[in-house]
Amino acid sequence: MHDHSHSHGSNTRIGWAFFLNVTFTIIEFIGGILTNSTAIMADAVHDLGDSLSIGFAWFLSKVSEKGSNSEFTYGYRRLSLLGALINGLVLIIGSAWVLTEAIPKLLQPEMPMVEGMIALAVFGVLVNGFAAYKLSKGKTLNERILNWHLLEDVLGWVAVLIVSIVLLFVDWPILDPALSILFTLYILINVAKNLWHTIRLFLQAIPDKELSKSVYKTLIELEEVDSIHHLHLWSLDGEHHVLTAHLALQDALSMQQQLELKKSIAERLSKFNLEHTTIELEMTDEQCRDASEAL
């Protein structure tokens, strides 16, 4: 059953993050010009990319709420997964671009307008921190990927704040690119992990090995079941899973016994909150029409 309150909450959080990010990106461009800081301008371009990604994710999240139809029989939930994939790729590309900007500055560091950097850094930490806090309450892959977008910005502004304060007292402009490289690499590693998980879901890998084992154990414990084959567990979007399985029965069952078995199966599987389940009952000596498959 579709949880409308959960999806509405997800859209609201992504919407908050989008408008906050767009507003701050505009302020950041203005601030970069006023402080004559190339680092801030580079971060503004990066934030612009984040804003576009978050806006796209917001759109996909809304579209993914549509119900199923004759063309998209499972609905549009996988569009949300597509959004998570695209956002992850955008963030990796953006982080790589930040590295290409920061690494050359290790060789030729420049002293920026420190006071302006401090003001923008404090504002950046507050705005992006609030947006990240909003998204941290979410559980969807989209929200997790977007949260890394915002955490990258928060850490970036913390780095800018630290560097700005230090530069008030010492002439070490190389600290700016050095810290930028460190936090970008840290975020890059974490986003890569989430991106790999998203790609696995696209390839219809099992979303959770322990869940698969628990489902198998729950079904095989039924006294009417002799064996299980063609058990397939995959995910629409990382949250809503689909299960199909063929259960070979110990003995032939009457219609009433089959109805009771189906009711028992439904009760046992209810704890897993599966989005779709398809269970086929077979006799042990019955030729499975899907016998050509290995599983």
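Residues numbered from 1 in each chain as written. Predicted model: local features only at pLDDT ≥ 70, side-chain atom pairs only at ≥ 80, totals over all residues. Heavy atoms only, no water.

Caption draft 1: Focus on the nonpolar core. Ranked by internal contacts, the top residues of the largest apolar core, which has 19 residues, are V215, L219, L247 and I265. Apart from residues lying up to four places away in sequence, L247 is in contact with L219, V225, S227, I228, I265, I279, E280, L281 and E282. The next biggest cluster of nonpolar side chains, apart from the first, holds ten residues, and it includes I14, A57, A132 and L150. (Core = buried A, V, L, I, M, F, W, Y, C linked by side-chain atoms within 4.5 Å. Buried < 20%, exposed > 50% of the residue type's maximum accessible area, 1.4 Å probe, protein only. Contact = heavy atoms within 4.5 Å.)

Caption draft 2: A look at the sheet that holds strand β2 (residues 241-249). Strand order in the open sheet made by the three strands is β1-β2-β3, with mixed pairing throughout. Edge strands, defined here as strands with exactly one partner in the open sheet, are β1 (225-235) and β3 (276-283). Neighbour to neighbour, the strand axes of the sheet diverge by 10° on average, direction disregarded. Note that β1 and β2 share eight bridges and pair antiparallel. Across the sheet, residue H229 finds its bridge partner in β2, namely H246. Here helix α8 (residues 255-269) sits on the sheet and contacts β2 and β3; the angle it forms with β3, its principal contact strand, is near 140°. (Pairing = 2+ DSSP bridges. Helix = DSSP H or I, 4+ residues; strand = E, 2+ residues; numbered from the N terminus. Axes fitted to C-alpha atoms, helices over the stretch in contact; angles between N-to-C directions.)

Caption draft 3: Inspection of empty space enclosed by the protein at higher detail. Counting across every chain of the model gives two cavities of 30 Å³ or more. Looking at the largest cavity, its volume works out to about 260 Å³. Lining the largest cavity we find 19 residues, and of these A39, A42, D43, V98 and S180 sit closest to its centre. Elements supplying a minimum of two residues to the lining of the largest cavity: α2 (38-63), α3 (77-107), α5 (141-167) and α6 (175-202). (1 Å grid on protein atoms, 1.4 Å probe; cavity = no way out; pocket = protein on both sides within 12 Å on 5 of 7 lines; lining within 4 Å. Points joined across faces, edges and corners; volume = space filled by probe spheres on them.)

Caption draft 4: Local environment of the pairing of β2. Of all nine residues in β2, eight are buried; the element is thus mostly enclosed. Hairpin connection from β1 to β2: five residues lie between these consecutive antiparallel strands, with G238 at a positive phi of about 95°. With eight bridges connecting them, β2 and β3 associate as parallel partners. Paired with L249 across the bridge in β3 is M283. With respect to chirality, the unit in which β2 leads through α8 into the neighbouring parallel β3 is right-handed. (Right-handed = clockwise from strand over helix to strand, strands pointing away.)

Caption draft 5: How the structure looks around the side chain of H241. Relative to the elements of secondary structure, H241 occurs in strand β2. In terms of polar contacts, H241 uses its side chain to reach the side chain of S235, at 3.0 Å. With residues near it in sequence (within four places) discarded, H241 still touches P207, L211, L233, W234, S235, L274, E275 and H276. (Polar contact = N/O pair within 3.5 Å; in protein donor to acceptor, adjacent residues only side chain to side chain.)

Caption draft 6: Representation of helix α7 (residues 209-220) within the structure. Between its first and last C-alpha atoms α7 spans 17 Å; for twelve residues at 1.5 Å apiece the expected length is 16 Å, and the two agree. Those residues of α7 lying buried are L211, S212, V215, T218 and L219. Down the axis of α7, the smallest arc covering the buried residues is 130°, so these residues share one side. In α7, the exposed positions angled more than 90 degrees off the buried face are occupied by K209, E210, K213 and K217. Against β1, β2 and α8 lie the buried residues of α7. Between the side-chain oxygen of the N-cap and the backbone nitrogen of E210 there are 2.9 Å, and the N-cap of α7 in question is D208. (Expected span 1.5 Å × (residues − 1). Arc of directions from axis to C-beta.)

Caption draft 7: A look at the packing of aromatic side chains. Inspection of the entire model under this criterion finds four aromatic pairs. Judged by centre distance (5.5 Å) and plane angle (65°), the rings of F24 and F123 are edge-to-face. A residue pair is termed long-range when its members are at least 10 positions apart, and F24 in helix α1 (residues 4-35) and F123 in helix α4 (residues 114-136) qualify at 99 residues. A relative accessible area of 1% places F24 in the buried class. Ring plane angle 80° and centroid distance 5.8 Å describe the contact between F24 and W157, whose orientation is recorded as edge-to-face. (Phe/Tyr/Trp six-rings, centres within 6.5 Å; stacked < 30°, edge-to-face > 60°.)

Caption draft 8: Representation of a nonpolar patch on the surface in the model. Together, I103, L106, L107, W172 and I174 line one region of the surface with nonpolar side chains, adding up to about 520 Å² of accessible area. Position of L107 among the secondary structure elements: in helix α3. (Patch = residues over 30% accessible without salt bridge, like charges linked within 9 Å, V, L, I, M, F, W, Y side chains within 5 Å. Areas by Shrake-Rupley, 256 points an atom, 1.4 Å probe, with all protein chains shown as cover. Salt bridge = Lys/Arg side-chain N within 4 Å of Asp/Glu carboxyl O.)

Caption draft 9: Representation of the packing of α3 against α6. Axis separation between α3 and α6 bottoms out at 9 Å; the angle between their running directions is 155°. Judged on the interaxial angle alone, α6 and α3 are roughly antiparallel. Note that α3 runs across α6; the crossing there is left-handed. Of the residues contributing to the contact of α3 with α6, the split by class is 24 nonpolar, five polar and two charged. (Parallel < 35°, antiparallel > 145°, perpendicular 65-115°, else oblique. Left-handed = near helix turned anticlockwise from the far one by under 90°. Nonpolar A, V, L, I, M, F, W, Y, C, P; charged D, E, K, R; others polar.)

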